[in-house]
Amino acid sequence: MNRAALGIDLGGTNIKVGIVTEQGELLHEAKVATESWQGPDALLAKLAGIASESVPLAGTLGVRLDGVGIGTAGQVHRASGQVLGATATLPGWAGMPLGAKIREETGLPVAVDNDVNMIALGEAWHGAGREWADFLCIALGTGVGGCWIADRSVYGGRDGYAGEFGHGIIHMDGKLCSCGNKGCWEAYASVTALQSLARERGMQEQQLSPEELFRSARANDMEALEVVDRYCGYIAAGLTGLVHTFNPAAIVLGGAIVAGQGDFLLDKVRSALEHSVMPAFRSPEPIRLVAAELGGHAGVIGAAMAALKTAE
Ligand SMILES: [Zn+2]
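Model, not experiment: these values are computed from the prediction. (Residues numbered from 1 in each chain as written. Predicted model: local features only at pLDDT ≥ 70, side-chain atom pairs only at ≥ 80, totals over all residues.)

**Q** What's the story with the packing of helix H5 (residues 191-200) against helix H7 (residues 222-246) in this structure? I'm lost.
**A** A pair of packed helices can be characterised by two numbers: the angle between their axes and the separation between those axes. Contact pair H5 / H7: the axes reach a minimum separation of 10 Å and the direction vectors enclose 140°. Considering the angle they form, H5 stands oblique to H7. Seen along the crossing, H5 lies across H7 with a hand that is right-handed. Counted together, Leu194, Leu197 and Ala198 of H5 and Val227, Arg230 and Tyr231 of H7 form the full contact between these two elements. (Axes fitted to C-alpha atoms, helices over the stretch in contact; angles between N-to-C directions. Helix = DSSP H or I, 4+ residues; strand = E, 2+ residues; numbered from the N terminus. Parallel < 35°, antiparallel > 145°, perpendicular 65-115°, else oblique. Left-handed = near helix turned anticlockwise from the far one by under 90°. Contact = placed C-beta atoms within 7 Å.)

Written as structure tokens, this is what we have:
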């Protein structure tokens, strides 16, 4: 029987699950509501139920489940699979022994990691990063997440928490960040930050959605263009520090805004980087800046790949 794993992408609104083969083929995918308001114990029971139902389901698809991978918001202690830092979208989730519970329920090896790390792994194995063994992956969303992929694996640091690039301070005493510090990159480069940038410029509420802002900027509306240029400059400001830290061959940028705006956004970030990155880091080969490819499936595919690697 072919090897496969169950990948689970746990978000504040939905839980995405998929059975993925070793070759990255998504055989079965489903989505259920997280309903985090029911509390962490109910959520843990729900995940355990999904995992145990998937074992016989895999059999009907002609594959054998060799492991379960779970990407969750917050910080994860990788060795134990325990969630240590929770976010507002999953109240009470901190402290949950997620890995141990799912292992007990299914008898399978379990890999648990931060959701952005799982997305990066998906892109590394079967998406935009597959050309490179080492690259930088950044997700621009409500927050700014990131990951350094080294030798097709997530670089985790001592406990697995590395890669919180969004909380690098780019402006001392700057804007207030969701983490409580001031001046974090996330407070400037998240999609939420883009909207507040437009609001500060006095733009009307109906003009503030990212789609609308970019549509106006593409149509050469001066006000929107200034906001978008400024925003892309902030993205590049954070990337500049990371390029000088990691000397990457490539940067994979993900998140709905990149998927929607494609080259218009990437070109602006690229040209800002041309000015801010020291020449040796971008020659003789330029740093490749590319959009993520797997979209909403990346988290499920990456979690499954992490599980297969754990089971090896
Ligand atoms: Zn922060």
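**Q** Help me understand the nonpolar core, please; the structure alone is not making it clear to me.
**A** Taken as a class, soluble globular proteins show a tendency for nonpolar side chains to be buried jointly. If you look at the biggest cluster of nonpolar residues, it comprises 93 residues, and the most contacted ones within it are Leu6, Val68, Ala304 and Ala307. Sort the elements by how many residues they give to this core and H7 lands first, with 10 residues. Lining this core are residues from two domains, each supplying at least three of them: domain 1 (2-122 + 296-311) and domain 2 (132-293). Ignoring sequence-local partners within four residues, the contact set of Ala307 consists of Ala5, Leu6, Gly67, Val68, Gly69, Pro109, Val110 and Ala111. (Core = buried A, V, L, I, M, F, W, Y, C linked by C-beta atoms within 7 Å. Buried ≥ 20, exposed ≤ 12 C-beta atoms within 10 Å, placed from the backbone. Domains from an automatic or database assignment.)

**Q** Sorry if this is basic, but what is going on with the packing of helix H6 (residues 210-218) against H7 here?
**A** The N-to-C vectors of H6 and H7 enclose an angle of 115°; their axes lie 7 Å apart at closest approach. On the basis of their axis angle, the class for H6 and H7 is roughly perpendicular. H6 and H7 meet at a crossing whose hand is left-handed. Residues Leu213, Phe214, Ser216 and Ala217 of H6 pack against Ala224, Leu225, Val227 and Val228 of H7. When grouped by side-chain class, the residues that make up the contact of H6 with H7 number 7 nonpolar, 1 polar and no charged. (Nonpolar A, V, L, I, M, F, W, Y, C, P; charged D, E, K, R; others polar.)

Honestly, that's just the spatial picture; any functional story needs more than this.
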